[in-house]
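# Overview (structure and organization)
One-letter residues, chain by chain:
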Amino acid sequence: MSGKLNRRDFLKALGLGGTATLAGCDMPTTVTLEEGKEDVVSYLLPEEYVIPGVGVTYASTCTQCNAGCGVHGRVREGRVLKVEGHPDSPINAGKTCQMGQALVQAHYNPDRIKSPMVREGGSLVPATWEKAQALLDEKLGSKANLAAGRVAWLTGTVSGHQRALITNHLESVGSNHHFAVEVVNTNVWSAVSRDMLDDPQPQISLDKAKLILSFGADFMGTWQSPVHFAGQFSRMRTAADRGALIQVESKMSMTGGSADLWVAIRPGTEGILALGLANYLIANGVSSASLPGDARDKLAAYDMQKVSNATGVSTATIERIGKALKNRAPSVVLAGAAVEGQVNGYEAVSAIMLLNVMLGNIGQTILPSGKFPLQQLEAKVGGTRDLAAFAQAAAQKQFDVVLVHGANPVFTAPASLKLDEALASVPFKVVMTQFPDETAMMADLVLPVSSTLEDWGTHVAAYQAGASNISIQQPLMEPLYDQTRGFGDIVISMLAMRNAAQYGSFKDYYGYLRNVFANLKGAGATASLSPDEFWNNSLQAGMIKIDSTPRKHTVKASIAAIDAPAADANFPLTLIPSARMGLFDGRHANLPWLQESPDQIAKVVWGSWAEIHPSTASKMGITHGDVIRIESEAGGIEARAYLTNTVHADAIAVPLGQGHTEYGRYAKGRGVNPLKIVKAAVDAKTGELALFATRVKVSKTNKNEIILRLGHSDTQHGRRLVRTVSVDALKRTKGA
Amino acid sequence: MVQWIRTRMFRKYAHGAFHPVSLGVALILAWSMMTSTGFAADVQPPGGVHKGVDVEQPIEFPHNIHVEVNKINCMYCHTYARRSKVAGIPPTSKCMGCHKIIATDKPRIQKLTEYWQKGESPKWKKVHDVPDFVHFTHERHLKKFVFDRDYPVEDVKEVCAFCHGQIKEMTVAKKVKPLNMGWCAGCHEKNGGPGDCWKCHK
Amino acid sequence: MKTHRVKGLFNNFEEAFAAVSDVRHSKVPGIGIDDVTLNSPIEHPEVEEVLGDRPAHIPKFTLGGATFGLVFGFLFLAAAQASFLVQPQGGKPVIPLPSNFVLVYEMLIFFAVWTTFFAFLFTSGLFQRRGNLYSEKVSLDQIGVIVELNKDQLEPLRKLFQQHKVLEIREEEIR
Amino acid sequence: MSLKNVMENWSAYRKDAEAGGHHTYEHRWAMSINLDLCIGCNACSTACYAENNLAVVGPERFAKGQAMHWMRIERYWDVEDKEYPDQGASFLPMMCQQCGAATCEPVCPVAATYHTPDGLNAQVYNRCIGSRYCSNNCPFRVRYFNFYSYYESAWPEPMHLQLNPDLSVRDKGVMEKCTFCVQRIRVAKDKAKIENRKVKDGEFTTACAQACPTSAIVFGDTMDPESKVSMLWKQHQVTRAVYKQHKEDPELRGYRIFEELNVDPSVMYLERVRDTTV
Amino acid sequence: MVIEKDINEQIKWAQINSDVLRSMENPRKAYWITFFVCIAMVACAVVAEIYQYRTGLGPSNLNNPHMWGMYISTFVFWIGMSHSGTLLSAILHIIHADWRKPIYRFAEAMTTFSLMTAGFFPIIHLGRVWNFYWVVPYVSARGVWPNFRSPLSWDAFAISTYLSASMLFLFIGMIPDLAICRDNARGFRKKLYGALSLGWVGSDKQWRHFRKTYLLMACFLIPLAVSVHSIVSSDFAMSIMPGWHVTSFPPYFVAGALYSGCAAIITLFIMLRYFFRFEEYMTLAIMEKTCKLTFAIAMVWTYLNLIEFAATWYGHDVYSKEVLIAKATGPYAWIFWTMIFCGSVVPFALAFQKLRRHMPTMFVVSLLLNLSMYFERWMIVAPTLSMAMEPHQFYIMYASVVQWAIVFGSFGWFGLLFLVFVKVFPSVSMYEVKEMVFHRRRLINEEAAAKFHRRSGDPQPGAQPA
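Residues numbered from 1 in each chain as written. Chains lettered and ligands numbered in written order. Predicted model: local features only at pLDDT ≥ 70, side-chain atom pairs only at ≥ 80, totals over all residues. Heavy atoms only, no water.

## Concerning the overall build of chain C
- Each helix and strand counted, chain C has 5 helices and 4 strands in total.
- When the helices and strands of chain C are read in sequence order from the N terminus, they spell out β-α-β-α-α-α-β-α-β.
- The buried share of chain C, reckoned over its 175 residues, is 62%.
- Taking the contacts inside chain C whose residues are at least 6 apart along the sequence as the reference set, 81% of them involve residues at least 24 apart.
- Looking at chain C, you have 17 positive and 20 negative side-chain charges, and the mean spots of the two groups are 4 Å apart. (Helix = DSSP H or I, 4+ residues; strand = E, 2+ residues; numbered from the N terminus. Buried < 20%, exposed > 50% of the residue type's maximum accessible area, 1.4 Å probe, protein only. Contact = heavy atoms within 4.5 Å. Lys, Arg positive; Asp, Glu negative; His and termini not counted. Charge placed at Lys NZ, Arg CZ, Asp CG, Glu CD.)

Structural data, given as structure tokens:
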């Protein structure tokens, strides 16, 4: 009898009227006592722990970025109301960022795709799952005539069993083309770490540092694991000997907003400054023992004056940074996206890592990470190299079928890669997504996937904060829509088409996970538990601790010369397509909370703007709010000029996130996407796109528009709302 | 005395009852009558009547039979009352617990069984509804009036009757108490409930 | 009792006053000043002096109203404030005198003004029928002197009026 | 509405604000915000949107200045007229300060905003008639007015399912503001009462404090001397109900904004620290 | 110097009656045009208000720091305008300045009507208009009361008291005239005036009570008027906002109120005089007196303005000082300087007799004074809202069509009431002009005076007749 029950009805709210509204909506009402107006539906069969009116908390994992924070979802009457940080998660320790808070909004988003869509006669039309399955079966099933290597997966950063399934699926179709694309990444940093330290994701311990020197690393906003680093930063600030932050960048990032010393640097010259600092340190008695023998000679070329000329940072400031680095140990020197995104990004990051080596930070604040034992679950970290590689491969008609999930390459790829054309040329494109994004609109088959809060999954963060973990994502509520499927369920069904023997037995992804967890069990220190106990414990904890073998850092430092980017009279400025906590790379532009939440530094909401230094602007007669045209060799965009001295005079910064041509009511047709005009230069060593190396020119249009921003004053008008003390006073009061 | 005032002072001008002074006196009297009502006692269920409307329910649940004839405790079915702000409608499984065997020939039970076999719950209509901006919790009220007083739990229906009236006499529940703010506030004052707006308004 | 009422209409105000004055000085035996009423288009404080001490009790009502407003106002406010379910306090007194002074002041005036008004309505002999003797000329530019008298006094009064250049004499019998 | 009430309140007619008026505070919720830790990341304000059913007003209404963010992060620059700033910005999380002597309370014509026995500034939405006087008299300008009925526009189906049923969705014409997450307080107090105990420190916290990645926000009960927040207030020698702090050590960082107005805010900020020696 | 009589004392009483009654009949075409223009204005406001009622206050463009906008400044403007009637009527009555008599009636009507206009604004500006009665202290089963501490609930008390008192004052003062109307009307009008005149026959008893009542009313009305505008000022002064929390606000508001009222009186004076050919009654001499009075008040207002600026400037409240600077230099500077110019410089035109006697000039001057007074209210409300304490929330407000429509509509509403009034009620007090003429004539007529004094042998009041 109860077997017939739909679990949806079963958990359905006891009267959704619990949503409180105040006294009617439109007309004045004083009579609010209603008898027999509201429906109450009781549970058919109650779960023991479900009490109407009392919230229940479940553990899961946030998927808003790739940091893999553990979350607690508050569920009441069958719906998720709020997401909080998981207190026991080693990554975020009970905290969340704003993107994590908006996780529920991605789930309840009104623009979610509610049924599969099939391209018919040029346009996408809603279809049934049967039809979608049939189509999939036709193209990818056992009867499909697939030559080797003709299927490609295009995803974002993907890890855990989803990654394993993708790998398995590729195997089953005889291909190995898994492109993982991610615009906001730290791949160059990883490459340098791997080459210099033999550790692609070294653990960074900011809380032990007395000084952070960050070259454009927005480590509390977009870099690796922001919430984790924010927690560490907090501990560093509150330590008895308060650590300081020096931020060197061309455009102030959110992290730069907390800097004790903020240094504006000419775009693309961070590596030169790093070498100059190394030179200064050696000249001032810091041992160069850990460096190659010729280091001293190589570095000698970077004398103070030369570095100052190249970087635009005054010699006094360089000396100041050098002194701080010398006097405050341990320190940590970080490199961010702006350093990585250059044609010589690898060399620049190497130079920065060199500082860490020289200062003895390796082993103190930069620690070896654990080697994750389950390689098939490890994160497949996305990058922009794959973006270019895919565009190239697709353009050469290498693929018959492309499966896209968790990525929106049509939005993020620079126009010069011509990825959209390449993708269009692929005969069959399947996009598994929640939202009607740009890529989905190009698809031949759109499969609506469940939201994070409805789906199963396991995640292994690329940056393993603290200990190695598998984070578990579990459904916190029944799916909102009948016609959506979990991503895992879809892949399992596709695998079953090819390999019924192995995968046909799994009813769904849940069944698969139960099965694998039974095997996974031995991996942890929970060997004595029964499979069911282990499963339940894991769900409750939201994660499984994995014993990993620690790596060992072996330093292999090398020094390469770095040249400043060549000046170009036609394109005098450098474009900075900066990502920020919030809209991130644009994937959260459909969340109204994040649209209305201002940029942390510029405080702009709901649109695009171009940050330009007042001195540069005045040369061109640009005033605040003027619509300016920014042109590179690859194209042009128009945005409102925002005059600020938090951007270097040689740069113009246009934040990422807006400029969607699809993607639902909150994102569509709002602002511009600076990635579109990025010139497709690459970092020679890693093949990652040099996103921050595009030269642009700026011209005025005769329009002026209001820049929407939160707050109407940049100064306190002498009101002393925020008071500032020097660190000496802090020390005198013993940290209080 | 009023007559005296009238004759002495308004002999010539008495044009009926409408005098500023007599109006004022009447107001003051009315005022003092209003303000001097009530002294805190242990438990005084609030008075007040409300002429409730008959609510059409999917199944006319006979409260009287369950409560009065079968002597079933309110909290047997409304089981969430002591654990949550809402008392809750019993899950259909609970109804079927008995009615798989008992009274299966009655049309109402057959209707219920029909629902059960369809795998649905009846859409009950809410009778005792408070506005959405009101936070009312059964849990705290039961704690105060039943458990803290060591009131026999078997007789809990008498406590429920404070606000729900004599449900044992009704078939389909009907609102017989006003459940408006003045009524709530009066009881709070008598029984030492919180007088803080934010306790009940959200 | 008086059986007749006589009204003389005068154009010349001085003459009308003189006539009243004559009545007052008992030029016509048996008619006292209390039997005389004056109808006039404007206000004549001087004439009313001649008419003698005819009191207007309105200030007493006003005083009463004001006192009531004061006392009732304060009691009302204090009672309301003290019995308010929730005390909007924040470290401030339950019954804040300064703000209550303002309100009591307003209520004092409010009640004073309304009592004055009602007292005026009820004490000044409004809401009466105008009577047959009423002449619309009175609202224009003529002054009427109305005397209540017995039949035997009619003639001397007519004479007196005519002496003072009366324009018109109207008479009526009371019952 | 009884004579007794009149008499009792009369006898309590005048006690000075310093003694807490005629309140016997059961709890006194307060905050401490360490500005040195605030990185301006907006996690708190987004958490507030999620917890408190705040409406997203959209760009047009935002442009008019009709936004509804109970918690906003103000960003100031200390020195202008430099080529580049030589240090970061000044971030200031600003929300209702739950003043002890709140200026919004006495001006509300219908007493929709009042002081609770917990020391909070209550805003009773269903009593509010929308005269907006409270907002005008708020030095912090942290009261937000529902200029529209946002129910349909801000929560298109199925977003309304996310609405927190523990508090109302405010309709047009109603003032609203930060409540220190009173719905959480209410639940915690109810739970403590049912278990016959006092509310424990850290048992619950506000949405903003819970989200804050750097733990800059500390929330708690100052009537509980053991609570983290009262320790902080004590450590920084910030006392309530004064308009000028008399600290033994004047360099202690705790301060309250607009304290000199004698509004007695319940939020203590710790001064931002800048290490100018690097 | 032209020395001129306030009124021609030889004017016939019948003439007075007929002149005034003539003004009440047969509206001309211009009247109807104005009337329908007013109706159109009101209609605009009604449409705007219905829209605002259904949508919320959003369409009015009010915003977070600037919550009140033109609604409250217009409210203060109308409340202020209402004070002139009280001034002319009550104060001048008490000090026996009988030149008030020909012009006080319309001034009093202005009081009542501007109050009736002003009363709308606190209600319109509410977010939940339908609950406006919650500010009235009525006995409710919920046990809730208004907050008696709030200046807004004082407003409710003060405005209702003032409105009822001024309506009563207007009505009582009109009773003898209504009797005149009754005596000259026919048909429906006769019934109407008959009911309204309450059976007035002009007997000495009625006159005696009338005089007492009128005097008592006047006595109460003066402190009431002062208190009302003080209370309105306390809407601002009782707050802690810089630029509002000003000790001198009550007198400043009262002075401003009298000022704007007098200016409006001059405007209406000229209009009535022109349209109804009231040259005989609304004489240039009275005009001059009114102008002089206005000039005096203008100077008082200027003085109080300067005092306020000085006190702020030399005081230690930095926030107030900044608001003051913002007023003079900020986005509202042009309004501020227009206000100063029109309010303190333009009134010097009133100091010159030539100009005083030149009606077109006076008309323009009075309009400028009114403008200045409107700007003054705006300058009181707006800068503090826009630029108070929290720099993050410094923001100005641009009024939307809705707001403008409602503000315009209030002028239409006032005009409408006034237009109806002049046709339904005598806009010049007939009986008082008669009194004025009578007393003047008697004073210059030595013979009559002597004749009267001869009779001073009459017994003293209180003595019994012999």
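Now that the structure has been shown, the text picks up again.
## Remarks on unusual backbone geometry
- Looking along the chain, the bond that leaves Ala329(A) and enters Pro330(A) is cis, with omega of -5°.
- Position of Pro330(A) among the secondary structure elements: in the loop between α11 (315-327) and β13 (331-335).
- The omega torsion of the bond from Glu157(D) to Pro158(D) falls at 0°, within 30 degrees of zero and hence cis.
- Position of Pro158(D) relative to the elements: it lies in the loop between α6 (151-154) and β7 (175-176).
- At Asn42(D), a position not held by glycine, the phi torsion is positive, near 75°.
- We classify Asn42(D) as buried; its relative accessible area is 1%.
- Backbone geometry places Arg132(D), a non-glycine residue, at a positive phi of 65°.
- Tracing the backbone shows Arg132(D) in the loop between β5 (121-123) and α5 (133-136).

## Observations concerning the sheet that holds strand β3 (residues 143-149) of chain C
Residues and elements named next belong to chain C.
- Spatial ordering of the open sheet is given by β2-β3-β1-β4, a layout of 4 strands whose pairing is antiparallel. Whereas interior strands pair on both sides, the edge strands pair on one side only; in this sheet they are β2 (36-39) and β4 (168-173). Direction aside, the axes of adjacent strands within the sheet are offset by 20° on average.
- Against the sheet, helix α1 (residues 13-24) makes contact with β1 (4-10), β2 and β3, and its axis sits at roughly 20° relative to β3, the strand it touches most.
- Most of the contacts of helix α5 (residues 154-163) go to β1, to which it runs at about 5°, and overall it touches β1, β3 and β4. (Pairing = 2+ DSSP bridges. Axes fitted to C-alpha atoms, helices over the stretch in contact; angles between N-to-C directions.)

## A look at the sheet that holds strand β26 (residues 635-643) of chain A
Residues and elements named next belong to chain A.
- Around the barrel, which closes on itself, the 6 strands sit in the order β23-β27-β24-β26-β25-β28 with mixed pairing between neighbours. Averaged over all neighbouring strand pairs, the angle between strand axes comes to 45°, with direction disregarded.
- Of the pairings in the sheet, the one linking strand β23 (residues 573-576) to strand β28 (residues 695-704) comprises 2 bridges and is antiparallel in character. Paired with leucine 573 across the two strands is valine 696, which belongs to β28.

## Description of the pattern of salt bridges
- What the rule picks out here adds up to 68 salt bridges over all chains.
- With a shortest N-O distance of 2.8 Å, Asp118(D) and Lys189(D) are connected by a salt bridge. One end of the pair, Asp118(D), is in the loop between β4 (113-115) and β5; the other, Lys189(D), is in helix α7 (residues 182-194), with 71 residues separating them in the sequence. The pair formed by Asp118(D) and Lys189(D) is uniform in burial state, with each residue classed as buried.
- Glu176(D) serves as the salt-bridge partner of Arg170(D), at 2.8 Å between the closest nitrogen and oxygen.
- Classification of Glu176(D) by relative accessible area gives buried; the value is 1%.
- Among the charged side chains, a salt-bridge network with shared partners connects Arg237(A), Arg242(A), Asp260(A), Asp36(D) and Arg274(D). (Salt bridge = Lys/Arg side-chain N within 4 Å of Asp/Glu carboxyl O.)

## Topic: the confidence of the model for chain C
- Confidence along chain C averages 79 in pLDDT terms, with 92% of residues attaining 70 or more.
- Per-element confidence in chain C ranges from a low mean pLDDT of 71 for helix α2 (residues 45-51) of chain C to a high of 90 for helix α4 (residues 97-123) of chain C. (pLDDT = per-residue confidence, 0-100.)

## Concerning a nonpolar patch on the surface
All names here are of chain E.
- Side chains of Phe132, Tyr133, Val136 and Tyr138 sit close together on the surface and give an oily, nonpolar patch of about 330 Å² of accessible area.
- Following the sequence through the fold, phenylalanine 132 ends up in the loop between α6 (120-124) and α7 (151-184).
- Take phenylalanine 132: its relative accessible area is 37%, and that puts it in the partly exposed class. (Patch = residues over 30% accessible without salt bridge, like charges linked within 9 Å, V, L, I, M, F, W, Y side chains within 5 Å. Areas by Shrake-Rupley, 256 points an atom, 1.4 Å probe, with all protein chains shown as cover.)

## Topic: the pairing of strand β20 (residues 468-473) of chain A
Residue and element names in this part refer to chain A.
- Most of β20 sits inside the fold, with 6 of its 6 residues counted as buried.
- Side-chain alternation along β20 places Ser468, Ile470 and Ile472 on one buried face and Asn469, Ser471 and Gln473 on a second face that is also buried.
- Relative to β20, strand β19 (residues 457-459) runs antiparallel, the two being bridged by 3 bridges. Across the sheet, the residue bridging to histidine 459 is serine 471, located in β20.
- Inspection of the sheet shows β20 paired to strand β21 (residues 543-546) by 4 bridges, in the antiparallel sense. Residue pairing in the sheet places isoleucine 470 in a bridge with isoleucine 544 of β21.

## Looking at the environment of Gly47(B)
All names here are of chain B.
- Inspection of the secondary structure assignment puts glycine 47 in the loop between α2 (20-35) and α3 (63-69).
- In this structure glycine 47 comes out as partly exposed when scored by relative accessible area, which is 44%.
- For the pair glycine 47 and phenylalanine 162, spaced 115 residues apart in sequence, the C-alpha separation works out to 8.4 Å.
- Excluding its chain neighbours within four sequence positions, the residues that come into contact with glycine 47 are Pro178 and Trp183.

## Description of the interface of chain A and chain D
- Contacts between the two partners involve 100 residues from chain A and, on the opposite side, 93 residues from chain D.
- For the pair chain A and chain D, the summed buried area comes to about 8000 Å², and 58% of that belongs to carbon and sulfur atoms.
- Across the chain A-chain D interface, the total number found is 9 salt bridges.
- Of the charged contacts in the structure, one is a salt bridge between Glu251(D) and Arg732(A), with a shortest N-O distance of 2.5 Å.
- Ranked by the residues each element gives to the side of chain A that touches chain D, the list is headed by helix α7 (residues 226-238) of chain A, at 7 residues.
- Considering only residue class, the side of chain A that touches chain D consists of 49 nonpolar, 29 polar and 22 charged. (Buried area = accessible area lost by both parts, 1.4 Å probe. Nonpolar A, V, L, I, M, F, W, Y, C, P; charged D, E, K, R; others polar.)

## Comments concerning the interface of chain E and chain B
- Tallying the contact residues gives 5 residues for chain E and 5 residues for chain B.
- Summed over both partners, the interface of chain E with chain B comes to about 350 Å²; 84% of that surface belongs to carbon and sulfur atoms.
- When the buried surface of chain E facing chain B is broken down by residue, Val139(E), Arg142(E) and Trp145(E) rank first, second and third, together holding 77% of it.
- Inspection of the chain E/chain B interface yields 0 salt bridges.

## Things to note about the confidence of the model for chain E
Residues and elements named next belong to chain E.
- The predicted model of chain E averages 86 in pLDDT, with 94% of residues at 70 or higher.
- Element-level mean pLDDT values for chain E span from 52 in helix α18 (residues 446-454) up to 93 in helix α13 (residues 333-345).
- Low pLDDT, under 50, characterises residues 454-466; the predicted model gives this stretch 13 contacts beyond four residues in sequence or across chains.

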